[in-house]
Amino acid sequence: MTAHQQEVGAGPVTFGGRLRELREERGLSLAELARATSYSKSYLSRVETGRRPGNEALAAACARALGIDPSRLGPPDAPATTLAVPTQHLPVQPPPPAPVQLPPLQLPPAPGVFAGREAALAELDGALSSARARWGEGGPRVWVVDGMGGVGKTALAVHWAHRVRDRFPDGVLFGDLAGHGSSGAPREPGEVLDGFLRALGADTGLIPPGVADRSALLRTLLAERRVLLVLDNAAAPAQVRPLLPGAPGCVVLVTSRTRMAGLVVRDGARRVTLGPLPEEQAVRLLRRTLGAERVDADPAAARELVLRCGRLPLALLVAAERALSRPGLALARVNEELRSDRTRLHVLAAADDGDSALRTVFSWSYRALAPEPARAFRLLALHPGAALAAESAAALLGTTAGNARELLDVLADVHLLEVEAPERYRFHSLLQVYGRELAEGRDPARDRAAALDRLFDWYRQGADAAGRLLEPGARPAGAAPLPGVRPPVFAAVPDAVAWCEAHLADLLSVIRYAALAGRPPAAWQLPFALWSFFHRQHHRAEWLNAARIAVAAAADSPDPRALTVSLVLLGAAQAQAGRPVEAEIHLRRALERCAADRTDPESECAARNHLAELMLRQGRAAEALELLEPALPLSRTLGHRRVERVTLANLGDASLRLGRLADAERLLLEALSLRSTGPDHRTEGLALLHLGTVHRALGRLPQAVGCLRRALELHRAAGDRWAQGRTLEQLGHAFAALGRPADALPPWREALDLMTETGDPRAATLATVLGSTPGTTPGSASGGPGSAPDGPGRRAVTAGPDRARLGYRSGT
C-alpha cells in the first residue's frame, strides 16, 4: 500500500493518487509538473490529495508532461464530498451524468447581403488544403484579410467561416479584438483568451491569470482539436500572437486595417488584401440589395452610383438603404446627392447607426495615427489627383523625400493609402474626401495654400526640366523653385519622358484644379512647360484640353505674355490634332497680340513657325515663305540658336516645296551648321530629311540615302514617330530611284505603320500603292508615293518645281 493510500484509507486508488504515484516514479516535483502543464502547483496538490476532481483536459496535459498514455491515469474523479464522512457508510448511488460539452460555435450571423469576392474566397479555401508548401508545416494555418475601413473584411471572413464551419468539428471561436472602433482601446489578449478558454470547457477556477499561461493553456486545449479561430478587427501582431494555437489542425483568420507584417514574417501568415469591389461585383451587390428590377431600370445610374461610392461595400450598402427607404427615389437622384464632395460623407451615413457612417468608420483609422502621420494624411489629401509619389508628397509636406516615404508607408500600412505600384501610392476617393474635410477643419488656410503652392511648383519645375531636355534652350515656364521644393532631376531624355508619362494624369489634375481654384500661373505655366512632351509623345487630346485651360486661365493673368504663349500653345495643339481652321485662328490671334505689343519676340517667332508649318502641310508654301521671312531676323536678334535653326529648317522646307532647290539647300545647310546649347535631334533630323529630299530631286541619290538614314537615326533617338514615318517614306523613294525596289519596300511598310499610328494623312496614299497589283514596285512608272498620278515616276528625281516629284502633296 502506498503512502497516499494510507492517507486516504484503504479505498480504491483515485485519479489524484495515480497522478502522484506516476509523478514520483519519474522524479518530478509538484512545481515541475505545474510548469510543464500550465496548471498551478496548489491546484495540482488539491487534485492529488483528492480535494479537487480531475478532468479530461488536466489528464491529457499531465500525460504529455509525464510521457505516458492517458489511460494509465484512469478516468477523472467525480467531485469529492466531505472527507470526514466514511465512504463505507455512504449509500451507493450512481454518479451524476457528466454535462455534455458542445463544441463552441461563436460566429455572428452571416452577412445579410454578400456579393463578389470570388478570388479572395478561393484564396482562403487554400487554408483547407492538406498541402503545406513551405509554410506552416508544423503549426496552424494563419491568414490575414487586410484592407481599408468599409471594404468588407469582416463580411468576407464571416461569410467564409460559415461556408466552411463543417470542416471544423471541434468548433469555431470568434473574437472581436476592437482594434479600430467606437468602443475605445483594443481588447487585451488576456481578456480574449479567457473567453476562448471558457468556451472550450476549461474550469473557470483553473484559468491562470497571466497572458502567457492562458496562451499555453489554449494551445493545450487545442492540441488535438480542429478549430477555426476568427480574430476580427485586430490592431497589431502583438495582440494576435498570444491567441494563436500550436496545432496544425487549426486555422486562424485575422482581419485588420493594418498589413500585419509581423504575422507574415514571424508566424508564416498568408495575406489576402481586399480593395474596392470590381465594378461588376459592385453592381451585383446593388442588385441583391435594391432588387434587380430597380437596378436594371437605370443601369447607367446604377454604375454611376457604384463609382460615387468608390466601389466600397459599406458605402454601397448605405446608399442602397437610402434608396430603399424612399421607394420613389430614382437612383439618378441619389447620385445627385453624392456628387458634391462637401456632402458626400454626410449622405453616406446610416441615420440610426453611427458605427455605419463612413466618416465614423474612417475616423477609427485616423484616430490611431501619431500627430505627424495624421498631419501628413490631411495635407496629402489636398492633392488634386489621387496618386502620390514620395517626391510629390515631400513637396506637399515641405519635407524630404525620405521622410515623406516613411510617412506614406505608415499610412499605407493602415490602409489610409493604397500601394498602387512600387514607390507609388493612391487615395481611395472617399478617404481623400474625408482627409480634405479634416484639413479644412484642422489646418490653417495659409498652411493649406502653402502646401498646394509647393506642389504646383514641384510639378512645374519637373515639367520645365523635362522640356529643356526635350528641346534644349527652350525658355522656362516660371521662376526658381520655391523654398522647400526639390525639383526632379533627369539624367537623359528617356528619364524625362518616363517622368512625364508616369505623372501625366496628376499633371492634368493639377492644371484643372489650378484653373478652378483661381491660380492662373499654375494653370497656364504647366501646359506651356509640357509643350515638347505633348508634341513628342502625340498626346493630342491631353494637349488640347490643357491648352484650352491655359488660354482661359491666362486671360486672368497679370503676366502680359501669358495669353500670347497660351494661344500659340493651343494653335500648335489644334494643328497636331488635325484641326487646321481652329489652329490658324488661334495662331493669327497670337500674331496680332505680338504685333500690338513687341515685347515678346520669342512668342512671335513661335507663332510664325507653327503657322508656317500648318500652311506647308496644306500645300500653301508661298504663304508659309512669306510668313517666315520676318521670323529669321527676329530669331537672330533673340540670340536663340534653336529658334533660328527651326526657322531656317522651315524656310528650307518651304523653298523645297516651291521647287527652289538651290535656296532650300543653302538654308538647310545653314540650319545644320548652327550648334544649339544641347542636342536638338528633332530639328536636326527635320533639316536632314528636307536636305535628303533636295539631294534626291537633284539626282544625288547616294547623298540622299546618307542624309535620310542619319535623319532616321535622329528621329528615333528623339522618339518622334511622325517624323520617322516621313523619313522612311522618303528613304523608300531614294531606293526606288536607285533601282533597288527590294530595299524600298521595307521602309515603306514601316512608314505605313507609323503614319497610321500617328494619323498622318499620307498613310492612305502609301497604303493604296503598297496594296496595288502584285509585282508593281512603289515608285516605279506605274505610280507611287513619290510621283503624281500623271508624273514621270522615277524620272521625278530631276530638279523642278513639281512638288509631286518630291513626294509632297497638298494636304500633308
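Novice: I'm lost on the packing of helix 35 (residues 681-697) against helix 37 (residues 721-737) in this one. Help?
Specialist: Helix-helix packing is described using two parameters, namely the angle between the two axes and the distance between the axes. Two elements in contact, helix 35 and helix 37, have axes separated by 10 Å at closest approach and are oriented at 15°. By the angle between their directions, the pair helix 35 and helix 37 is classed as roughly parallel. Helix-helix and strand crossings are classified by hand; for helix 35 and helix 37 the assignment is left-handed. When helix 35 is examined against helix 37, the residues Leu686, Leu689, Thr693 and Arg696 are found in contact with a partner set consisting of Trp722, Ala723, Arg726, Thr727, Gln730, His733 and Ala734.

Novice: Which parts of the structure should I look at to understand the nonpolar core?
Specialist: In a soluble, globular protein the nonpolar side chains are often hidden away together inside. By size, the foremost hydrophobic cluster in this structure holds 162 residues, and its most contacted members are Trp160, Leu228, Leu286, Leu358, Phe362, Phe377 and Leu380. If we skip the residues at most four places from it in the chain, Leu228 touches Trp160, Ala161, Val164, Phe168, Gly171, Val172, Leu173 and Val251. Core analysis: the next-biggest nonpolar cluster, separate from the first, contains 49 residues, Cys62, Ala199, Leu229 and Leu231 among them.

Novice: Just to check I follow, could you spell out unusual backbone geometry for this structure?
Specialist: The phi dihedral of Arg117 falls on the positive side, at around 60°, and the residue is not glycine. By the element assignment, Arg117 lies in the loop between helix 5 (56-66) and helix 6 (118-125).

Novice: How should I be thinking about the pattern of salt bridges in this particular structure?
Specialist: Two side chains bearing opposite charge may form a pair once their charged atoms approach each other closely. Considering all chains together, one arrives at 44 salt bridges under this definition. In this structure, Arg333 and Glu336 form a salt bridge, with 3.0 Å as the shortest nitrogen-oxygen distance. A residue pair is termed a helical-turn pair when its members lie 3 or 4 positions apart in one helix, as Arg333 and Glu336 do in helix 16 (residues 331-338) at three residues. Between Glu713 and Arg710 there is a salt bridge, and its shortest N-O distance comes to 3.1 Å. Taken together, the residues span about one helical turn, with Glu713 and Arg710 both in helix 36 (residues 701-718) at a distance of three residues. For Glu713, a relative accessible area of 49% puts it in the partly exposed group. Residues joined by salt bridges that share partners form a network here, namely Glu420, Arg424, Arg426 and Asp506.

Novice: Teacher, can you tell me more about helix 22 (residues 429-442) here?
Specialist: For an α-helix, 3.6 residues make a turn, and residues three or four places apart therefore share a direction. With 14 residues, helix 22 should cover 20 Å at 1.5 Å per step; its first-to-last C-alpha distance of 20 Å lies within 8% of that length. Buried residues of helix 22: Leu430, Leu431, Gln432, Val433, Tyr434, Gly435, Leu438 and Ala439, and no others.

Novice: Help me understand the sheet that holds strand 1 (residues 141-146) in this model?
Specialist: Strand-to-strand pairing in sheets goes through backbone hydrogen bonds, with the strands running parallel or antiparallel. Sheet architecture is open: five strands sit in the order 2-3-4-1-5, paired in parallel fashion. The sheet terminates laterally at strand 2 (172-176) and strand 5 (270-273), the two strands that pair on one side only. Neighbour-to-neighbour, the strand axes of this sheet turn through a mean angle of 15°, independent of strand direction. Strands in contact with helix 6 are strand 1, strand 4 (251-256) and strand 5; relative to strand 5, the strand with the most contacts, it is inclined by about 170°.

Novice: I keep staring at the confidence of the model for the chain and nothing clicks. Help me out?
Specialist: Regions with low pLDDT carry predicted coordinates that are not meant to be interpreted in detail. Summary statistics for the chain give a mean pLDDT of 83 and a share of 87% for residues scoring 70 or more. Taken element by element, the chain is modelled with least confidence in helix 1 (residues 3-8), mean pLDDT 44, and with most confidence in helix 19 (residues 371-380), mean pLDDT 95. Contacts for the low-pLDDT stretch residues 1-10, under 50 throughout, to residues beyond four places or in other chains number 12 contacts.

Cut-off values and rules
Along each chain, residue indices are assigned from 1 in the same order as the chain's sequence is written. Local features are withheld for residues below a pLDDT of 70 in this predicted model, meaning they are given only at 70 or higher, and side-chain atom pairs are given and counted only at 80 or more; totals for whole chains, interfaces and linings count all residues. Side-chain numbers come from the whole structure's heavy atoms, not from hydrogens or water. With axes taken as lines fitted to C-alpha atoms, and helix axes fitted only over the stretch in contact, angles between N-to-C directions fall between 0 and 180 degrees. In this text, helices come from DSSP runs of H or I with a minimum length of four residues, and strands from runs of E with a minimum of two, each type numbered from the N-terminal end. Each angle is binned into one of four classes, with values under 35 degrees roughly parallel, values over 145 roughly antiparallel, values of 65 to 115 roughly perpendicular, and all other values oblique. Here a crossing is taken to be left-handed if its near helix is turned anticlockwise relative to the far helix by less than a right angle, and right-handed if that turn runs clockwise. Note on definitions: a residue-residue contact is assigned when non-hydrogen atoms from the two residues lie within 4.5 Å. By nonpolar core is meant a set of buried Ala, Val, Leu, Ile, Met, Phe, Trp, Tyr and Cys residues that side-chain atoms within 4.5 Å join together. The cut-offs for exposure are 20% and 50% of the maximum accessible area for each residue type, with area from a 1.4 Å probe on protein chains only; residues under the lower value are buried, those over the upper are exposed, and the others partly exposed. When a carboxyl oxygen of Asp or Glu is within 4 Å of a side-chain nitrogen of Lys or Arg, the pair counts as a salt bridge. Here the expected span of a helix is defined as 1.5 Å times the quantity of residues minus one. DSSP-based pairing: two strands are paired if at least 2 bridges between them are found. pLDDT measures how confident the predictor is about each residue, on a scale from 0 to 100.

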